[in-house]
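What follows is each chain in one-letter form.
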Amino acid sequence: MNAPVQSDDPELERLQAAAQWLVRLGEAGDDEALIAEWLSWCEATPENFDAFERIEQTWQLAGVAAARPATQPQPVHRRGWRRYSARSMMRFAAGLAVVAVGVFLLQPQWPQGAQTLSTPVAIHGSSQLPDGSRVELGARSRISTHFDEGMRRVVIESGEAYFEVAHDKSRPFVVQAGALTVTAVGTAFNVRRGEEQVVVTVSEGRVRLASKEARAITPVRHNSHAPAATALEAGVGEQAVYSVQDGRIDLASADPAVATAWRGGVLKFVHEPLHEVVANLNRYSTREIVLAEPALGRLRYTGTVFGNRLEDWLDAVENVFPLHVSYDGPDRIVLVPNKSSSPSQSRTRERGGSEG
């Protein structure tokens, strides 16, 4: 089981644990041992099963149907219920697998001060912030917040987040992702933090981007170089890609619907390095994908990755890139360069795939 989501709220932790159980049961099929473990968790306290029902109802409202095995765990009839539960969860898995479908973490309004919110593999989380803004976290993401009378600050420690910012000119809304600072007053934007780059896409309004490091950043707008600067702005339909290595920002037109497709359970990439694609897929897959050589990561990928179809995506990249797929046990997939061709050539492949 994935590590539980860390939170200062025990009820929120219970809801997040329930969401993880839905994912595990959906993936496992007719696994008697796992279902017995789940039953033990449900029976440990009435609040656990209540949380399980609330999360399942939320997923049903989001459009993923799941049959209900029973209304309460019944130890006397456990064997019969386990068999029925497994069949139900197998049908549930067809729509769930390891791609998240908007789990709304039903948390009271956060108090002023520092808070932390994180999501496990394959689970999305959504919450309202103290100022009325909303944040939706992608899978395996972590943020910390600090709100006071003069500032609204969010630090993206890992992963991806979509913000709908409540308008408040007196208190700027500042998102920190590594060395990059994104400031907004009232707007909507997506931030994805990777090891080598931070991608910011604006859906509404405008944001101001700046590097907290001393050296200047070099904006590149629509392939025309601009003088070195310490900050720039991005508006609706623009995407800023910040390079961690050299502090440069590339700013170009982009479809916000592509950048935020993850909110609907679909991952879309446009001319992105394969290592960034793999890093994002690993936030949604319980099987780790590994690049055997760094050169593979420099290949450029354009395509759509659908839920519940990881094998299709692996077939696609194996057909269009100079690599083959190797399985290192049940939990690790290795992309290995073909001996007959060099992966060092930077090539773009237009091909849709699918991920589970």
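First, a word on what this report is: a plain description of the structure on this page. What you see is a predicted model, and the numbers here were worked out from it, not measured in a lab.

1. What about the side chain of Asn 280?
Mapped onto the elements, Asn 280 comes out in helix α6 (residues 274-281). Side-chain polar atoms of Asn 280 contact the side chain of Arg 283, separated by 2.9 Å. The residues contacting Asn 280, other than those within four sequence positions of it, are Glu 160, Arg 192, Leu 267 and Phe 269.

2. Overview of the pairing of strand β15 (residues 249-253)
Sheet topology places strand β14 (residues 238-243) next to β15; 5 bridges connect them, and they run antiparallel. Bridge assignment links Tyr 242 to a residue of β15, and that residue is Ile 249. Turn length for the β14-β15 hairpin, with the two strands adjacent in sequence and antiparallel, is 5 residues, and the turn residue Gly 247 shows positive phi of about 75°.

3. A look at the sheet that holds strand β17 (residues 288-291)
Strands sit in the order β17-β20-β19 across an open sheet of 3 strands; the sheet is mixed. The two strands at the open ends of the sheet, each matched to only one other strand, are β17 and β19 (323-327). Across the sheet, the axes of successive neighbouring strands diverge by a mean angle of 25°, strand direction being ignored. Bridging between β17 and strand β20 (residues 332-337) involves 4 bridges; their strand directions are parallel. Paired with Val 290 across the strands is Val 334, a residue of β20. Where α6 meets the sheet, it contacts β17, β19 and β20, and its direction lies at approximately 165° from that of β17. Across the face of the sheet, helix α8 (residues 310-320) comes into contact with β17, β19 and β20 while running at roughly 145° to β19.

What counts and how
Residues numbered from 1 in each chain as written. Predicted model: local features only at pLDDT ≥ 70, side-chain atom pairs only at ≥ 80, totals over all residues. Heavy atoms only, no water. Helix = DSSP H or I, 4+ residues; strand = E, 2+ residues; numbered from the N terminus. Polar contact = N/O pair within 3.5 Å; in protein donor to acceptor, adjacent residues only side chain to side chain. Contact = heavy atoms within 4.5 Å. Pairing = 2+ DSSP bridges. Axes fitted to C-alpha atoms, helices over the stretch in contact; angles between N-to-C directions.

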